[in-house]
Amino acid sequence: MQVLSAKIVESYNPAYGQPARTARCEDTGNPLKFNWFFTPVLGSLLSNRWLTGIFLGVGLTQLILVSIGVQGWQCPIEHALGIRCPGCGLTTAMTLMLTGQWAAAVEMHAFAPLFWVILTGMLVAMGLPSEYLRKLSASISVIEHKTGITAIVMLSMLLYWLLRVFTI
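Note that the coordinates shown come from a computational prediction; the quantities given were computed from them, not determined experimentally.

So, how was this worked out
Residues numbered from 1 in each chain as written. Predicted model: local features only at pLDDT ≥ 70, side-chain atom pairs only at ≥ 80, totals over all residues. Heavy atoms only, no water. Helix = DSSP H or I, 4+ residues; strand = E, 2+ residues; numbered from the N terminus. Buried < 20%, exposed > 50% of the residue type's maximum accessible area, 1.4 Å probe, protein only. Lys, Arg positive; Asp, Glu negative; His and termini not counted. Salt bridge = Lys/Arg side-chain N within 4 Å of Asp/Glu carboxyl O. Contact = heavy atoms within 4.5 Å. Expected span 1.5 Å × (residues − 1). Arc of directions from axis to C-beta. pLDDT = per-residue confidence, 0-100. Axes fitted to C-alpha atoms, helices over the stretch in contact; angles between N-to-C directions. Parallel < 35°, antiparallel > 145°, perpendicular 65-115°, else oblique. Left-handed = near helix turned anticlockwise from the far one by under 90°. Nonpolar A, V, L, I, M, F, W, Y, C, P; charged D, E, K, R; others polar. Core = buried A, V, L, I, M, F, W, Y, C linked by side-chain atoms within 4.5 Å.

**A look at the side chain of Arg 164**
Reasoning step 1: Of note, Arg 164 is situated in helix α9 (residues 149-167).
Reasoning step 2: Despite its burial, Arg 164 remains without a salt bridge, the nearest opposite charge being carried by Glu 78 at 8.5 Å.
Reasoning step 3: Those residues in contact with Arg 164 that sit more than four places away from it in its chain are Arg 84, Pro 86, Cys 88, Met 108 and His 109.

Pasting the structure below:
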């Protein structure tokens, strides 16, 4: 019975009956096996309007709440563990950028300008027709896959966070 149910479940796999494809290191041009490093994230996110809308809505709501002086959502990591997370201060820094205080914003969180670029890109992507959105998300995915820029930014943000935690 288990063999039969396993065969039925396996038959629903889209790759059923096809030879197994494994990712080769030559796909990324990297001799080491860091395929996860080159996985597109932003391009995949932009290709899904609903998911982009949710991220955009949450981000803009947080920015609006902080910019009008209402306390936004609190950092669950800081409240649970007592340490600041890699994104702590980012909303305040982006709000400072909105008011033209660029130096104070970068001092608050160095990644604020990058997140403004990403937020603006998401706003533009939401307004694009489907054909152009597919082309844009495919282009961004190719860039992410070839360069690993998303992983580089995330690792840089992690290092920046470690510096902030241990120097403050």
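After that view of the structure, there is still more to cover.
**Details of helix α7 (residues 112-127)**
Reasoning step 1: Over its 16 residues, α7 runs 23 Å from end to end, which matches the ideal 22 Å to within 8%, given 1.5 Å per residue.
Reasoning step 2: Within the span of α7, buried status applies to Ala 112, Leu 119, Met 122 and Ala 125. Along the long axis of α7, the arc covered by the buried residues comes to 145 degrees, so they all point the same way. Turned more than 90 degrees from where α7 packs its buried face, Val 117 and Gly 127 sit exposed.

**Some details on the confidence of the model for the protein**
Low pLDDT means the predicted coordinates in that region are not meant to be read closely.
Reasoning step 1: For the protein, the average pLDDT comes to 80, and 79% of its residues sit at 70 or higher.
Reasoning step 2: Segment residues 22-26: pLDDT under 50, and 6 contacts once partners within four positions in sequence are set aside and those in other chains are kept.

**Regarding the packing of helix α3 (residues 49-67) against α7**
Reasoning step 1: Running from N to C, α3 and α7 cross one another at 130 degrees; their axes reach a closest spacing of 10 Å. Overall, the two elements α3 and α7 adopt an arrangement that is oblique. Of the two possible hands of crossing, α3 and α7 adopt the one that is left-handed. Of the residues in α7, those in contact with Arg 49, Thr 52, Gly 53, Phe 55, Leu 56, Leu 60 and Leu 63 of α3 are Trp 116, Leu 119, Met 122, Leu 123, Ala 125, Met 126 and Gly 127.
Reasoning step 2: Each residue belonging to the contact of α3 with α7 can be placed in one class, and the counts come to 10 nonpolar, 3 polar and 1 charged.

**Description of α9**
Reasoning step 1: Along its 19 residues, α9 runs 26 Å from first to last C-alpha, staying within 8% of the 27 Å computed at 1.5 Å per residue.
Reasoning step 2: Among the residues making up α9, those that are buried are Thr 150, Ala 151, Met 157, Tyr 160, Trp 161 and Arg 164.

**Description of the nonpolar core**
Reasoning step 1: Among the nonpolar cores identified, the biggest contains 16 residues, and Leu 46, Met 94, Ala 105, Ala 112, Leu 119 and Met 122 are the most heavily contacted of them.
Reasoning step 2: At the level of secondary structure, the elements contributing two or more residues to this core comprise α2 (42-47), α3, α5 (90-98), α7 and α8 (130-147).
Reasoning step 3: Tallying contributions element by element places α5 first for this core, with 5 residues.
Reasoning step 4: Beyond its immediate chain neighbours, meaning those up to four positions away, Met 94 contacts Leu 63, Ala 112, Phe 115, Trp 116 and Leu 119.

**A word on the packing of α3 against α5**
Reasoning step 1: Relative orientation of the contacting elements α3 and α5 amounts to 70 degrees, with a least axis distance of 9 Å. Viewed along their axes, α3 and α5 adopt a mutual orientation that is roughly perpendicular. Here α3 runs over α5; the crossing is right-handed. For the pair α3 and α5, the contacting residues are Gln 62, Leu 63, Val 66 and Ser 67 in the first and Thr 91, Met 94 and Thr 95 in the second.
Reasoning step 2: Split by residue class, the contact of α3 with α5 holds 3 nonpolar, 4 polar and no charged.

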